[in-house]
Amino acid sequence: MLARTELRTPQRRECECCNRHEVWDANDSCWRIATEGGERLAGHRHCIHEWDIDGTFRPYE
């Protein structure tokens, strides 16, 4: 019997330039700005975000 391969998806991401934090909203299938202590971690609105999800992230284990 073959082992089942599971696709992993990132649940959080952070911009390496402006520190914007986002979390994955599974209900709406989209990224949402994260909040911490009631404060939105929105970063800079005009940043072209460089997310910390790169070639080191392994979607398959």
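Look above for the structure.
This one's a predicted model, so the numbers in the text were calculated from it and none came from an experiment. (Residues numbered from 1 in each chain as written. Predicted model: local features only at pLDDT ≥ 70, side-chain atom pairs only at ≥ 80, totals over all residues. Heavy atoms only, no water.)

Asks: Teacher, can you tell me more about the pairing of strand β2 (residues 21-25) here?
Replies: Regular strands have side chains that alternate between both faces of the sheet. Pairing between strand β1 (residues 12-14) and β2: three bridges, direction antiparallel. Bridging from a neighbouring strand, arginine 13 pairs with glutamate 22 of β2. Linking β1 to β2, which pair antiparallel, is a turn of six residues; within it asparagine 19 sits at a positive phi near 65 degrees. Summarising the sheet, β2 and strand β3 (residues 30-33) pair through four bridges and their orientation is antiparallel. Across the sheet, aspartate 25 pairs through a bridge with cysteine 30, a residue of β3. Connecting β2 to the next strand, β3, in antiparallel fashion are four residues, including serine 29 with a positive phi near 55 degrees. (Pairing = 2+ DSSP bridges. Helix = DSSP H or I, 4+ residues; strand = E, 2+ residues; numbered from the N terminus.)

Asks: Is there a simple way to explain the sheet that holds β3 in this structure?
Replies: Two modes of strand pairing occur in sheets, parallel and antiparallel, and in both the strands are linked by backbone hydrogen bonds. Strand order in the open sheet formed by three strands is β1-β2-β3, and the pairing between neighbours is antiparallel. Looking at strand neighbours, the two that pair on one side only are β1 and β3, the edges of this open sheet. With direction set aside, neighbouring strand axes in the sheet form an average angle of 30 degrees. (Axes fitted to C-alpha atoms, helices over the stretch in contact; angles between N-to-C directions.)

Asks: I would appreciate a short explanation of the packing of aromatic side chains in the present structure.
Replies: A complete count under the given rule lists one aromatic pair for this structure. With a centroid separation of 5.3 Å and 75 degrees between ring planes, the pair formed by tryptophan 24 and tryptophan 31 is classed as edge-to-face. One cation-aromatic arrangement involves arginine 13 over tryptophan 51; the distance from NZ or CZ to the ring centre is 4.0 Å. (Phe/Tyr/Trp six-rings, centres within 6.5 Å; stacked < 30°, edge-to-face > 60°. Lys NZ or Arg CZ within 6 Å of the ring centre and 35° of its normal.)

Asks: Is there a simple way to explain the environment of glutamate 6 in this structure?
Replies: Along the chain, glutamate 6 turns up in the segment before β1. By relative accessible area, glutamate 6 is classed as partly exposed at 46%. Along the sequence, glutamate 6 and proline 59 sit 53 residues apart, while their C-alpha atoms lie 8.3 Å from each other. (Buried < 20%, exposed > 50% of the residue type's maximum accessible area, 1.4 Å probe, protein only.)

That is the geometry; function is a separate question.
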